[in-house]
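Listed below, chain by chain, are the residues.
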Amino acid sequence: MTSFDLVEPETLEDAFKWLGVDDSSVRPFGGGTALMLMMKAQLFTPVRLVSLRKLGRQFEGIERSSNDGSFRIGAMTTFSQLEHSPEIRAHLPVITQTMKTLANVRVRNVATVGGNLAHGDPHLDLPPVWMALDASATIVNSSGTRTIPVGDIFSGYYETTLEQGDLIAELRVPVRPGWRSRYIKVTTRAEHDWPALGIGLSLHAEGRVIKDLRIVLSAAIDKPTRLIGAENVLRGKEIDDALLKRAGEAAADETHIETDNRGSAPYKKHLLRVHIARAVSALVTE
Amino acid sequence: MTTPRTIRFKLNGRSVSADIMPHETIVDMLTQRFDLKGARESCGQGLCGCCTVNIDGMAVSGCLSLAWFLDGKDVQTIEGVANGATLDPVQQAFIEAGAFQCGFCTPGFIMMVRQLLDLHPDPTEDQMRHFLTGNLCRCSAYPEIIDAVKIAVAKRAELAHLVA
Ligand SMILES: Cc1cc2nc3c(=O)[nH]c(=O)nc-3n(C[C@H](O)[C@H](O)[C@H](O)COP(=O)(O)OP(=O)(O)OC[C@H]3O[C@@H](n4cnc5c(N)ncnc54)[C@H](O)[C@@H]3O)c2cc1C
Ligand code: FES
Ligand code: FES
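Just so it is clear, the structure is predicted and the values come from calculations on it, not from any experiment.

Visitor: Run through the packing of aromatic side chains, naming residues and quoting values.
Guide: Scanning the model with the defined rule gives four aromatic pairs over all chains in all. Judged by centre distance (6.5 Å) and plane angle (65°), the rings of F109 of chain B and Y142 of chain B are edge-to-face. Pair noted here: F109 of chain B is in helix α3 (residues 106-119) and Y142 of chain B is in helix α5 (residues 142-163), with a separation of 33 residues, a long-range link. Taking the relative accessible area as the measure of exposure, Y142 of chain B reaches 32% and is therefore partly exposed. Of note, K17 of chain A hangs over the ring of W18 of chain A, and the distance from its end group to the ring centre comes to 5.2 Å. The ring centre of W179 of chain A lies 4.0 Å from the NZ or CZ of R176 of chain A, which sits over that ring.

Now the structure itself:
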């Protein structure tokens, strides 16, 4: 690795000062797990890294609102902190479930919620889950603050809508009474491989009738994407085999899936049909 | 522009300092500046665990971590695990189970098993396997490693009993 400048601002003003240059090799540093891999492979040679670890309160912590029970999660929260939070386990168990097969203990001890989103890698496990949960992100820069749905962060393959000087500060995750969620990580080569597809699923059912739902597909496409067509097939309906089959067809029809070394496009579409039907049915009858 | 800085931290219980460049990893620093070679780089990608060190009670990959951030931290490596001439119960368990062939992966496995037992003193076999998915043994001593974890659980329980 070639050397670089490393700064640890303690205020947002200082952070924006260090980041606010027209140079994409000046980057924020969260847990550094993704950056270090790219730096070691010489894919990224930074001029300056701006560590976010001393920015304090807004970037830290897992808190529940006493008003509506929603969560505020600081962007520097590590995956281990999520994994071991009793509050998360109680109210957002899908996050605890997702952690089980995400990387390994050492990576989870270091990787952060914000870095995970800003990386823009479509194979990551958490983005489709946050989207299924209807989470939003608060983004700060030198001219102000904006809050956007997590899905609006992603614009393409490793591409995001974040601009130089933008920092993800925190996530807001609603806790929706009556909703159940699940993440399906479909690996095709080895259990611990990157997923061929990831499905974030969240739904609200009464008996076998689906009142509302969100289905998000990742890994098989260029960015995590809601499957609106499949959702529309299922919303308001009582599920049966024929309906689940139609939802799977709608999902396969509305996505552009490419062949890669985790499977051919037709194979991955087949997996998508099968897993959507299975997951919806399992969640409804849970 | 790029200049070293002096970091001060605890290394295996001793207060130390080092002049560090921003790009130095923890493995670089341990091997080059402290002549500690137990944490070694193999995959260099966070996958294999050969470089495992413990920072403030948390296992991390020394190959993916910058030494710069160690300022003020409490760092433990495999070299600091034994108590003088007395091996740590996890080390002793690996010997009794014969949980290695070449031994290259062993320091990393021992560091991870120690964190496992700190979090779960009496883990299920599923917890053991799950916790160790990020450690690779090219000699494939996995069955013996699981045996070693079980022996270590018993040894730790025995020690706790003696202390209590
Ligand atoms: C061995 C290994 C196995 C892995 N396995 C999995 C897996 O199974 N599933 C999975 O989903 N992921 C896996 N990952 C990927 C891992 O989830 C990501 O590397 C991690 O989430 C990135 O977070 P970070 O904090 O380390 O990011 P960093 O490396 O710090 O940053 C990543 C990017 O985000 C930017 N950034 C960081 N923080 C912010 C912020 N707050 N605001 C704006 N920009 C920011 C950085 O500039 C950089 O561009 C694995 C990684 C490793 C090393
Ligand atoms: S060398 Fe660090 S995890 Fe393999
Ligand atoms: S004992 Fe040789 S790599 Fe594990």
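Moving on from the model shown.
Visitor: I'd like a rundown of the interface of chain A and chain B, residues and numbers included.
Guide: Each partner contributes residues to the interface: chain A has 25 residues there, and chain B has 34 residues. In total, chain A and chain B occlude about 2500 Å² of area from one another, counting both sides; carbon and sulfur atoms represent 61% of this. Looking at the side of chain A facing chain B, the largest losses of area belong to L6, K40 and R106 of chain A, adding up to 26% of the total buried there. There are three salt bridges connecting chain A and chain B. Note that R5 of chain B and E8 of chain A form a salt bridge whose closest N and O atoms lie 3.2 Å from each other.

Visitor: Talk me through the side chain of T106 of chain B; I want residue IDs and the actual numbers.
Guide: Residue and element names in this part refer to chain B. Residue placement: T106 occurs in helix α3. Here T106 falls in the buried class, since its relative accessible area comes to 9%. Leaving out residues up to four positions away in the same chain, T106 has contacts with F94 and F100.

Conventions and cut-offs
Residues numbered from 1 in each chain as written. Chains lettered and ligands numbered in written order. Predicted model: local features only at pLDDT ≥ 70, side-chain atom pairs only at ≥ 80, totals over all residues. Heavy atoms only, no water. Phe/Tyr/Trp six-rings, centres within 6.5 Å; stacked < 30°, edge-to-face > 60°. Helix = DSSP H or I, 4+ residues; strand = E, 2+ residues; numbered from the N terminus. Buried < 20%, exposed > 50% of the residue type's maximum accessible area, 1.4 Å probe, protein only. Lys NZ or Arg CZ within 6 Å of the ring centre and 35° of its normal. Contact = heavy atoms within 4.5 Å. Buried area = accessible area lost by both parts, 1.4 Å probe. Salt bridge = Lys/Arg side-chain N within 4 Å of Asp/Glu carboxyl O.

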